[in-house]
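In case you want the letters, here they are:
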Amino acid sequence: MSTTYDLFELGQYYLQYQRLMDHWHAVLPGKVLDVHYEDLVLDQEAQTRRILESLGLPWEDRCLRFYETERAVNTASSKQVRQPIYTRALNFWRHYEGQLGELIEILEPLLQELPEADRPASLASGSR
């Protein structure tokens, strides 16, 4: 699948995803819950409570300790699901920003909607 390694294709795929999500938000206002990775990583409990509430499910403390499960995990991320959520990957993309120019260019309209501190440096005020 070219979307896994071609930055142009990846950007186009994400723009299509965003258009689809915008459609569902318009058609089903208040029915689609957006969960942002950064928010979940920085405040797992609040975001998990939000998710459960939107699904009409009761809170369970075990939701914060998902990694303690003994069940089999048959995915490429099996090692990751055995550890708590961590923040060390936040903004890791910044190390590679110089190689992401094509993707940043394609996603610029969406990236411009982010708070300035979260945008690529190449989109900072006055740098384009």
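In short, a report on the structure. (Residues numbered from 1 in each chain as written. Predicted model: local features only at pLDDT ≥ 70, side-chain atom pairs only at ≥ 80, totals over all residues. Heavy atoms only, no water.)

**Brief notes about the overall build of the protein chain**
A count of helices and strands for the protein chain gives four helices and zero strands. Secondary structure elements of the protein chain, listed N to C terminal, follow the sequence α-α-α-α. Expected size for 128 residues packed as a compact globule is a radius of gyration near 14 Å; at 18 Å, the protein chain overshoots this value by more than 25%. Taking the principal axes of the C-alpha coordinates as reference, the protein chain spans close to 50 × 35 × 30 Å. Expressed as a percentage of the 128 residues in the protein chain, the buried residues total 16%. Long-range pairs, those at least 24 residues apart, make up 37% of the contacts in the protein chain with a sequence separation of at least 6. Surface accessibility of the protein chain: about 9,700 Å² in total, with carbon and sulfur atoms responsible for 55%. Taking the average place of the 13 positive charges on the side chains of the protein chain and the average place of its 20 negative ones, the gap between the two points comes to 7 Å. (Helix = DSSP H or I, 4+ residues; strand = E, 2+ residues; numbered from the N terminus. Rg over C-alpha atoms; globule rule 2.2 N^0.38 Å. Buried < 20%, exposed > 50% of the residue type's maximum accessible area, 1.4 Å probe, protein only. Contact = heavy atoms within 4.5 Å. Areas by Shrake-Rupley, 256 points an atom, 1.4 Å probe, with all protein chains shown as cover. Lys, Arg positive; Asp, Glu negative; His and termini not counted. Charge placed at Lys NZ, Arg CZ, Asp CG, Glu CD.)

**Overview of the packing of helix α1 (residues 7–27) against helix α4 (residues 101–111)**
Remark: α1 packs on α4, axes separated minimally by 8 Å, with the N-to-C direction vectors making an angle of 15°. Comparing their axes, α4 and α1 come out roughly parallel. When you trace α1 past α4, the crossing you get is right-handed. Residues Leu7, Phe8, Leu10, Gly11, Gln12, Tyr14, Leu15 and Gln18 of α1 lie in contact with α4, whose contacting residues are Glu102, Leu103, Ile106, Leu107 and Leu110. Split into classes, the residues belonging to the contact of α1 with α4 amount to nine nonpolar, three polar and one charged. (Axes fitted to C-alpha atoms, helices over the stretch in contact; angles between N-to-C directions. Parallel < 35°, antiparallel > 145°, perpendicular 65-115°, else oblique. Left-handed = near helix turned anticlockwise from the far one by under 90°. Nonpolar A, V, L, I, M, F, W, Y, C, P; charged D, E, K, R; others polar.)

**Concerning α4**
Residue pairs three or four apart in sequence face the same way in an α-helix, which turns once every 3.6 residues. Turning to α4, its buried residues are Leu103, Ile104, Ile106, Leu107, Glu108 and Leu111. For α4, the elements touching its buried residues are α1.

**Comments concerning a negative patch on the surface**
Together, Glu38, Asp39, Asp43 and Asp118 give the surface a local cluster of negative charge. Look at Asp39 and you get partly exposed, because its relative accessible area is 38%. (Patch = residues over 30% accessible without salt bridge, like charges linked within 9 Å, V, L, I, M, F, W, Y side chains within 5 Å. Salt bridge = Lys/Arg side-chain N within 4 Å of Asp/Glu carboxyl O.)

**Description of the packing of aromatic side chains**
Inspection of every chain in the model, using the stated rule, returns three aromatic pairs. Ring geometry for Phe66 against Tyr67: centres 5.4 Å apart, planes inclined by 85°, an arrangement best described as edge-to-face. Classification of Phe66 as partly exposed rests on a relative accessible area of 32%. Here Tyr67 falls in the partly exposed class, since its relative accessible area comes to 22%. Ring geometry for Phe92 and Tyr96: centres 5.9 Å apart, planes at 55°, overall tilted. Note on Tyr96: relative accessible area 44%, which makes it partly exposed. Against the face of Trp59 rests Arg49, its NZ or CZ located 3.9 Å from the ring centre. Over the ring of Tyr86 we find Arg88, and its NZ or CZ is 3.7 Å from the ring centre. (Phe/Tyr/Trp six-rings, centres within 6.5 Å; stacked < 30°, edge-to-face > 60°. Lys NZ or Arg CZ within 6 Å of the ring centre and 35° of its normal.)

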